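# Descriptive analysis of the structure
What follows is the residue order along each chain.
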Amino acid sequence: MIWKAIWETHGGRITGVAAGLLFGVLYVVVGFWDMLFFALLVFIGYSVGKHKDMRLGSVIPWERVNAWISDRWRPFK
């Protein structure tokens, strides 16, 4: 019962940290890697998961990116 409550409130963070750990361990095993980058992967996973838990929408503001690209690179000015 308590695990279900924890999963409902922190499911995104748990999944994000697990994904960061998985990718970090995979990269450490495959080749030499600095532990600082490993911690960065875990932090990014946690941040994305927290963003999902708080239901703030997409992590990347696609509307602003699209507006910036279309304003910046118009084919015929």
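As the structure is a computational prediction, the values presented were derived from the model and not from experiment.

Helices and strands together make up the secondary structure of the protein, namely three helices and zero strands. Ordered by position in the sequence, the α and β elements of the protein form the string α-α-α. Residue pairs at least 24 apart in sequence account for 47% of intrachain contacts in the protein once pairs closer than 6 positions are excluded.

Together, Phe 37, Leu 40, Phe 43, Ile 44, Tyr 46 and Val 48 line one region of the surface with nonpolar side chains, adding up to about 520 Å² of accessible area. Position of Leu 40 among the secondary structure elements: in helix 2 (residues 35–53).

With that out of the way, let us pick up the side chain of Arg 13. Here Arg 13 shows up in helix 1 (residues 2–30). A relative accessible area of 18% places Arg 13 in the buried class. Excluding residues that lie within four positions of it along the chain, Arg 13 makes contacts with Tyr 46, Gly 49, Lys 50 and Asp 53.

Our next topic: the environment of Val 42. Note on placement: Val 42 falls in helix 2. Taking the C-alpha atoms as reference points, Val 42 and Ala 18, separated by 24 residues in sequence, lie 7.9 Å from one another. When sequence neighbours within four positions are dropped, the list of residues in contact with Val 42 reads Val 17, Gly 20 and Leu 21.

The rules behind these values
Numbering of residues starts from 1 in each chain and follows the order in which that chain's sequence is written. In keeping with the model being predicted, local features are shown solely for residues with a pLDDT of at least 70 and side-chain atom pairs are shown and tallied solely at 80 or more, while totals for entire chains, interfaces and linings include all residues. To get the side-chain values, take all heavy atoms of the structure and skip hydrogens and water. Numbering goes from the N terminus for both helices and strands, where a helix is a DSSP run of H or I of at least four residues and a strand is a run of E of at least two. Two residues form a contact once any of their heavy atoms are found within 4.5 Å. Think of a patch as exposed residues, more than 30% relative accessible area, with no salt bridge, where like charges cluster within 9 Å and nonpolar side chains (Val, Leu, Ile, Met, Phe, Trp, Tyr) cluster within 5 Å. Accessible surface is estimated by sampling points in the Shrake-Rupley manner with a 1.4 Å probe; for residues, cover comes only from the protein chains shown. Counted as salt bridges are all cases of a side-chain nitrogen of Lys or Arg within 4 Å of a carboxyl oxygen of Asp or Glu. Only protein chains enter the accessibility calculation, which uses a 1.4 Å probe; a residue whose area is less than 20% of its type maximum is buried, one above 50% is exposed, and one in between is partly exposed.

Note that every value here comes from positions in space, so none of it alone points to a role or purpose.
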